[in-house]
Amino acid sequence: MKKKGFTLVEVLVATVILLTAIIGTSAFFYFNRQSLVKARLKRQATISAVNKIEELKGMDYYSLTAGTLSDTALLANAPADIKVTIGEEPEDGIGYLPVTVEVTWDDDKEKLSLSTFLTH
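A.B. asks: Can you tell me about the overall build of the protein, naming the residues and giving the values?
C.D. replies: Of the regular secondary structure elements, the protein holds one helix and four strands. Taking 2.2 N^0.38 as the reference for a compact globule, 120 residues should give roughly 14 Å; the C-alpha atoms of the protein span a radius of gyration of 27 Å, well beyond that estimate. When its C-alpha atoms are laid out on the principal axes, the protein stretches across 100 × 25 × 20 Å. Residues counted as buried form 20% of the 120 residues belonging to the protein. Contacts spanning at least 24 positions in sequence make up 38% of the contacts within the protein whose residues lie at least 6 apart. Summing over all exposed atoms, the protein offers an accessible surface of approximately 9200 Å²; the carbon and sulfur share of this is 59%. If you average the places of the 13 positive and of the 15 negative side-chain charges in the protein, the two averages end up 24 Å apart.

In structure tokens form, the structure reads like this:
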């Protein structure tokens, strides 16, 4: 008489294969989620930097002085530092100021920088 069913070794091999597939799938979703969070923070940092540049464009050109300004913002409820560096007007009298806005977050591990020129 032939016995029906699976041996213990077959069950163990099937279990290992199933667990490997489950762990691989969960790792994929975990790292994908991490990537989406980082992308969202970078997008919000870009928006904050562009908003700061637009705020500077709205100011009187002659009231802007060379130096560094600091500000803070929230990126997805995470604190971020915004550093605005305004350069010196070139001596050739063209009338533009170089401006760099740098946003740092995640304890200064992540950084985004935008540069532009303000004219009068």
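A.B. asks: Requested: an account of unusual backbone geometry, with residues and values cited.
C.D. replies: Unusually for a residue other than glycine, Asp106 sits at a positive phi of about 55 degrees. Note that Asp106 resides in the loop between strand 3 (96-105) and strand 4 (110-119). The class for Asp106 is partly exposed, based on a relative accessible area of 41%. Its identity as a non-glycine residue notwithstanding, Asp108 has a phi of 65 degrees, on the positive side. Within the element layout of this structure, Asp108 appears in the loop between strand 3 and strand 4. Judged by relative accessible area, Asp108 falls into the exposed class, the value being 58%.

Criteria and thresholds
Residues numbered from 1 in each chain as written. Predicted model: local features only at pLDDT ≥ 70, side-chain atom pairs only at ≥ 80, totals over all residues. Heavy atoms only, no water. Helix = DSSP H or I, 4+ residues; strand = E, 2+ residues; numbered from the N terminus. Rg over C-alpha atoms; globule rule 2.2 N^0.38 Å. Buried < 20%, exposed > 50% of the residue type's maximum accessible area, 1.4 Å probe, protein only. Contact = heavy atoms within 4.5 Å. Areas by Shrake-Rupley, 256 points an atom, 1.4 Å probe, with all protein chains shown as cover. Lys, Arg positive; Asp, Glu negative; His and termini not counted. Charge placed at Lys NZ, Arg CZ, Asp CG, Glu CD.

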